[in-house]
Amino acid sequence: MQSLKSASLIRRSLRISPFKSSYRSLTSLSTNALSNDSDDIVLVEGKACSRTAILNRPPVLNALNTAVGARLQKLYKSWEDNPDIGFVMLKGSERAFCAGGDIVSLYHLINEGNIEACKDFCRTVYGFIYHLGTYLKPHVFATPETLIGFHPDAGASFYLSHLPGYLGEYLALTGDKLNGVEMIGCGLATHYSLSARLPLLEEQLGKLVTDDPSVIETSLGTYSDVVYPDSTSVLHRIETLDKCFSHDTVEEIIDSLESEAAKSHDDWCASTLKKLKYVSPLSLKVSLRSIREGRYQTFDRCLVREYRMSLQGMSKQISNDFCEGVRARMVDKDLAPKALSFDYHDLYGLFLSRLKTAVEPSNLGTSIDGHGRSVFLPS
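Quick notes on the rules
Residues numbered from 1 in each chain as written. Predicted model: local features only at pLDDT ≥ 70, side-chain atom pairs only at ≥ 80, totals over all residues. Heavy atoms only, no water. Core = buried A, V, L, I, M, F, W, Y, C linked by side-chain atoms within 4.5 Å. Buried < 20%, exposed > 50% of the residue type's maximum accessible area, 1.4 Å probe, protein only. Helix = DSSP H or I, 4+ residues; strand = E, 2+ residues; numbered from the N terminus. Contact = heavy atoms within 4.5 Å. Salt bridge = Lys/Arg side-chain N within 4 Å of Asp/Glu carboxyl O. Axes fitted to C-alpha atoms, helices over the stretch in contact; angles between N-to-C directions. Parallel < 35°, antiparallel > 145°, perpendicular 65-115°, else oblique. Left-handed = near helix turned anticlockwise from the far one by under 90°.

**Student:** Can you help me understand the nonpolar core in this one?
**Tutor:** Here is a general trend for soluble globular proteins: nonpolar side chains tend to be buried in one another's company. With 44 residues, the main nonpolar core has Val-42, Leu-72, Tyr-76, Trp-79 and Leu-90 as its most contacted residues. At the level of secondary structure, the elements contributing two or more residues to this core comprise strand 3 (50–55), helix 1 (66–81), strand 4 (87–92), helix 2 (103–112), helix 3 (115–133), helix 13 (299–315) and helix 14 (321–331). Top element by residues in this core is helix 3. It accounts for nine residues. Once residues lying within four places of it in the same chain are set aside, the contact partners of Tyr-76 are Ala-53, Val-88, Met-89, Leu-90, Phe-128, His-131, Leu-132, Tyr-135 and His-139.

As structure tokens, then:
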């Protein structure tokens, strides 16, 4: 277990699902890991009025694959339909919550030309993320991409765009992560507990017989600790961050950071510039646009757009940045991506034009579940 953890309560009315430690970190698995179909990959604990799903793939930090997404979707649907279950919890086994998606397996599948398996992964995981973000019962979980030439996906453009100021733009473009204290500070999590108190918190939640979010929140508050971001936290840089990341284009953001660094000699500006100049320029432009569009779109529309963007990034029809980024960071680990799209102006225009002509997920919004909710089923 991590030394510090946060617990986040998702209310019935909430449509933001921070299903990650800030946004997804991604992990490496074997090439056939996307299709592991054992029920043991997600364990279940039953309590008085609750159910807990436990991600159970500790050797790979409980990373998501197609089978995990499918089993979670099945479990969550059955619990949502069960009137005897008041609320649901999600946690990871052993030392991690969830390392994110299996991008190394995707990398190998792409290179093998097996795009259908990649699509199946995206359809399954995006379907679960949509269900999680629109879940009708209280939901509690504990949590402890531009660097690979991709974009903030799986709903990230929705919830990052709703963070204070332009923090979402900063996080999406730099790939920085927030710790538990910072998640509390910016509203991504509701409660923070020291690791030593988590067993007591879980025991108390297990005794509850309720579906009332306020009762659950009171229990969380009983075992919560008051914490504040340390002096190095990005949350103490909000004024400078907003000044620089509020600009319309990546080029203007970089110019603003360079100007601020020259005037203030601020190490934070210099390190942020270094991060931006390391990653795929095409990915930066696509990610910035995604966050800006997400600010004015509903959760389901963000998922539709991100689903298209993900498939476009995996197709290699416009750029090989995704595969090369995975190779450099996760496969060969030389941290030296080759042939990234530095001639990105024309490629960016082509990327956007391909998105406009992409086939609409045909049955999004036309299939209604038993709760009167549209079902996310991208084609």
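**Student:** How do you make sense of unusual backbone geometry when you look at a structure like this?
**Tutor:** Outside of glycine, negative phi angles account for most residues, and trans bonds account for most peptide bonds. Even without glycine at this site, Asn-62 takes up a positive phi of about 60 degrees. Note on placement: Asn-62 falls in the loop between strand 3 and helix 1. We classify Asn-62 as buried; its relative accessible area is 1%. Positive phi values are uncommon outside glycine, yet His-265 reaches one of about 55 degrees. Along the chain, His-265 turns up in the loop between helix 10 (250–264) and helix 11 (267–278). Overall, His-265 belongs to the exposed group, its relative accessible area being 65%.

**Student:** Just checking my understanding: could you explain the pattern of salt bridges for this structure?
**Tutor:** For side chains of opposite charge, pairing can occur when their charged atoms come near one another. Going through the model one piece at a time under the given rule, you end up with 15 salt bridges. Residue Glu-202 is joined to Lys-91 by a salt bridge in which the shortest nitrogen-to-oxygen separation is 2.9 Å. Here Glu-202 falls in the partly exposed class, since its relative accessible area comes to 35%. Lys-207 is the salt-bridge partner of Glu-203, the closest N and O atoms lying 3.6 Å from each other. One end of the pair, Glu-203, and the other, Lys-207, are both in helix 7 (residues 198–207), four residues apart, so they sit about a helical turn from each other.

**Student:** Looking at this model, I keep getting lost on the packing of helix 10 against helix 11. Mind explaining?
**Tutor:** Angle between the axes and distance between the axes are the two parameters that describe a pair of packed helices. Across the interface, helix 10 lies against helix 11 with an axial gap of 9 Å and an inter-helix angle of 150 degrees. In terms of their interaxial angle, helix 10 and helix 11 are classed as roughly antiparallel. Considering the relative orientation of helix 10 and helix 11, their crossing is left-handed. Contacts between helix 10 and helix 11 pair Ile-253, Ile-254, Leu-257, Glu-258, Glu-260 and Ala-261 from the former with Trp-268, Cys-269, Thr-272, Leu-273, Leu-276 and Lys-277 from the latter.

Just geometry here; none of it tells us what the structure is for.
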